[in-house]
Amino acid sequence: MPETATLLAAASDQQGPGDTIRIVLVVSLVGAALLAWFLLRGYRDNDPND
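Residues numbered from 1 in each chain as written. Predicted model: local features only at pLDDT ≥ 70, side-chain atom pairs only at ≥ 80, totals over all residues. Heavy atoms only, no water.

Visitor: Any chance you could explain the overall build of the protein chain here in plain terms?
Guide: If you tally the helices and strands in the protein chain, you get two helices and zero strands. Taken as a whole, the protein chain presents about 4900 Å² of accessible surface, with 67% of it coming from carbon and sulfur. (Helix = DSSP H or I, 4+ residues; strand = E, 2+ residues; numbered from the N terminus. Areas by Shrake-Rupley, 256 points an atom, 1.4 Å probe, with all protein chains shown as cover.)

Set out below in structure tokens:
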């Protein structure tokens, strides 16, 4: 029985979505920045004051 408690204690340190959420946030921020750059680049080319 002590082995089970040791295994459960070791496994509880590795639980949680911390790394996954961090990766998703970084990827979504990079994607949002690229989308904004792409859209703003298109608006710059259609400037009516040129």
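Visitor: How should I be thinking about the pattern of salt bridges in this particular structure?
Guide: If charged atoms from side chains of opposite charge come close, those side chains can pair. One pass over the full model with this rule turns up one salt bridge. In this structure, Arg22 and Asp19 form a salt bridge, with 3.0 Å as the shortest nitrogen-oxygen distance. Remark: Asp19 and Arg22 occur in helix H2 (residues 18-45); sequence separation between them is three residues, near one turn of the helix. For Arg22, a relative accessible area of 53% puts it in the exposed group. For Asp19, a relative accessible area of 53% corresponds to the exposed category. (Salt bridge = Lys/Arg side-chain N within 4 Å of Asp/Glu carboxyl O. Buried < 20%, exposed > 50% of the residue type's maximum accessible area, 1.4 Å probe, protein only.)

Visitor: Could you clarify how one ought to interpret the packing of aromatic side chains in this entry?
Guide: Working definition: an aromatic ring pair is given by the centre-to-centre distance plus the angle between the planes. Scanning all chains against the criterion turns up zero aromatic pairs. Of note, Arg41 hangs over the ring of Trp37, and the distance from its end group to the ring centre comes to 5.1 Å. (Phe/Tyr/Trp six-rings, centres within 6.5 Å; stacked < 30°, edge-to-face > 60°. Lys NZ or Arg CZ within 6 Å of the ring centre and 35° of its normal.)

Visitor: Where do I start with the UniProt feature "transmembrane region" (unreviewed entry) in the protein chain in this structure?
Guide: With numbering aligned to this structure, UniProt lists the feature "transmembrane region" (unreviewed entry) at residues 20-40. Taken end to end, residues 20-40 is 100% helix and 0% strand, and its two terminal C-alpha atoms sit 30 Å from one another. (UniProt positions renumbered as here; feature names shortened; annotations may be inferred.)

Visitor: Which parts of the structure should I look at to understand a nonpolar patch on the surface?
Guide: A contiguous nonpolar surface patch, about 1000 Å² in accessible area, is contributed by Val26, Val30, Leu34, Leu35, Trp37, Phe38, Leu39, Leu40 and Tyr43. Along the chain, Trp37 falls in helix H2. A residue is classified by how much of its surface remains accessible, and Trp37, at 53% relative accessible area, is exposed. (Patch = residues over 30% accessible without salt bridge, like charges linked within 9 Å, V, L, I, M, F, W, Y side chains within 5 Å.)

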